Each structure stands twice: as C-alpha cells, then as structure tokens.
Amino acid sequence: MAIKIYIDQGHNPQNPNSGAEGNGLREQDLTYKIGVELANIINSNPALEARLSRPTPNTQLGTSNATSLAARVNDANSWGADYFISLHANASSASSASGIEGYVYSLDSSAEELSADIVKNLSEATGLRNRGIFARPSLYVLRKTAMPATLIELGYITNSNDATLMNENPTLFARGIYNGILEFLNL
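Residues numbered from 1 in each chain as written. Predicted model: local features only at pLDDT ≥ 70, side-chain atom pairs only at ≥ 80, totals over all residues. Heavy atoms only, no water.

Asks: Report on the overall build of the protein chain, specifying residues and quantitative values.
Replies: A count of helices and strands for the protein chain gives six helices and eight strands. Reading the secondary structure of the protein chain in the N-to-C direction produces β-β-β-α-β-α-β-β-α-β-α-β-α-α. Relative to a compact globule of 187 residues, whose C-alpha radius of gyration would be 16 Å, the protein chain shows 15 Å and is just as compact. Buried positions account for 53% of the 187 residues belonging to the protein chain. Looking at the protein chain alone, contacts between residues at least 24 apart form 79% of all its contacts between residues at least 6 apart. A total of about 7,900 Å² of accessible surface is found on the protein chain, and carbon and sulfur atoms cover 47% of it. (Helix = DSSP H or I, 4+ residues; strand = E, 2+ residues; numbered from the N terminus. Rg over C-alpha atoms; globule rule 2.2 N^0.38 Å. Buried < 20%, exposed > 50% of the residue type's maximum accessible area, 1.4 Å probe, protein only. Contact = heavy atoms within 4.5 Å. Areas by Shrake-Rupley, 256 points an atom, 1.4 Å probe, with all protein chains shown as cover.)

Asks: Can you break down the sheet that holds strand β4 (residues 48-52) residue by residue, with the values?
Replies: Read from one edge of the open sheet, six strands run β4-β1-β5-β8-β6-β7, paired in mixed fashion. Single-partner strands in this sheet number two, and they are β4 and β7 (130-135). Strand-to-strand twist of the sheet, defined as the mean angle between neighbouring strand axes without regard to direction, takes the value 20°. Both strand β6 (residues 100-104) and β7 contribute to a ladder of four bridges, which runs parallel. Residue pairing in the sheet places Y103 in a bridge with F134 of β7. Along the sheet, helix α2 (residues 65-79) contacts β1 (3-9), β4 and β5 (83-90); its crossing angle with β1, the most-contacted strand, is approximately 170°. Against the sheet, helix α3 (residues 110-126) touches β5, β6, β7 and β8 (149-156), its axis set at about 170° to β6. (Pairing = 2+ DSSP bridges. Axes fitted to C-alpha atoms, helices over the stretch in contact; angles between N-to-C directions.)

Asks: If you had to explain the environment of I7 to someone new, which residues and values would you point to?
Replies: Secondary-structure assignment places I7 in strand β1. You can call I7 buried: its relative accessible area is 0%. Sequence-distant contacts of I7, defined by excluding residues within four places in its chain, comprise G35, L38, A39, I42, A50, R51, L52, S53, I85 and L87.

Asks: Let's hear about the nonpolar core: which residues, and what values?
Replies: Note on soluble globular proteins: their nonpolar side chains tend to be buried together. One finds I7, I42, L154 and I177 to be the most contacted residues of the largest nonpolar core, which totals 40 residues. When residues in this core are grouped by element, the largest group, eight residues, is from helix α6 (residues 170-185). Beyond its immediate sequence surroundings of up to four residues, I42 is in contact with I5, I7, L48, E49, A50, Y178 and I181. Core analysis: the second largest hydrophobic core is formed by twelve residues, Y6, W79, A81 and F84 among them. (Core = buried A, V, L, I, M, F, W, Y, C linked by side-chain atoms within 4.5 Å.)

Asks: How would you summarise the pattern of salt bridges if you had to cite specific residues and measurements?
Replies: In total, this model carries five salt bridges according to the counting rule given. The salt bridge involving R131 is made with E101; its shortest N-O contact spans 2.7 Å. Linking R131 in strand β7 with E101 in strand β6, this pair joins segments that are 30 residues apart in sequence. (Salt bridge = Lys/Arg side-chain N within 4 Å of Asp/Glu carboxyl O.)

The structure is reproduced here in structure tokens:
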C-alpha cells in the first residue's frame, strides 16, 4: 500500500485566508504551483501517493480563516494521510531576510525529522539558507492533524531572489521537498 502524503498549498486564491504578497507575487500562487509539481513527482513513484488541498488554482477552502484551516486538516485526516506537508512563503519587513524554515508541533518527533530532511534537501536544491526547524504548537495545521505534520516556509516572498526562484523554478522546490521525503522514508 502506498504511503499517503497530503500536500497543503497554503492559503486561498482570495480572502478569506489569502497569503502574503511581495515582489509582484502572491504566496497562494507560488504554493499552488510548487504543490502541483510536488504531487506530480510523488505520484510518479508507486510507493507514494499524494493528495492536494487545492487541486485547482481556483479551489477556495472555507469561508473564514478558521474554516479554511479546518477544511485542510479534516481532508487530510479523513483521507488517512500518513504525513502532512503545508507549503508557505515567508514574509518580512526586512527585504534581506532569506531562506527556508520548517515548523512542527513539537521537537524530538518524527515530524521534526521529516521537516529537517525536507529543509536540508530544499536548501541543497535551491541554494537558499537552511534557517532551521522550530516548534510552533499553536499552528492549527500542526495541532489538529492526526499524522506527523510540518509547515515549510519555502523562502521569503519579500526577498527578490527567493521570490524569483520560487516563481520561476517551482520544480526545483518540488524536487528538493521530494528528496527530503525520500530521505526521511529511506526510499
């Protein structure tokens, strides 16, 4: 039986729960593109199966921030996902802020190992700095998922280099995440 990986493309195409903006780009568009690329790569491996929170660019989840987050978690839980990966783009008032981070419910967990393998491989694939893994137990998608879950900040949308890389090379990010999943699963 295939290992089920739920890919949550952070944010909605429009409010409620639309994402950050920077350098003429929208977070929800970047996470959508990278998520689709990642699902295609995962689904080409017979040992794995991917499901997307937003299968189309216009998929709108929920009618508020809370129901948008709940829809993602409930879909992953009812599908019986083995792992949950939420994709996001970071933002900062400092345009020099750059790099990749991972968030998990708690450190010293399988989620932390998954997150660390993904962030390390993303950093190697993209050349962006590995900023580390952090516990964020307050994040709904990490708190309410029934499986190991990580939220990955792919780069800073407010940094022109990070933003251009995410926009122009979504496959690079998808491949980095995929390599991290393979490393974590010893596949």
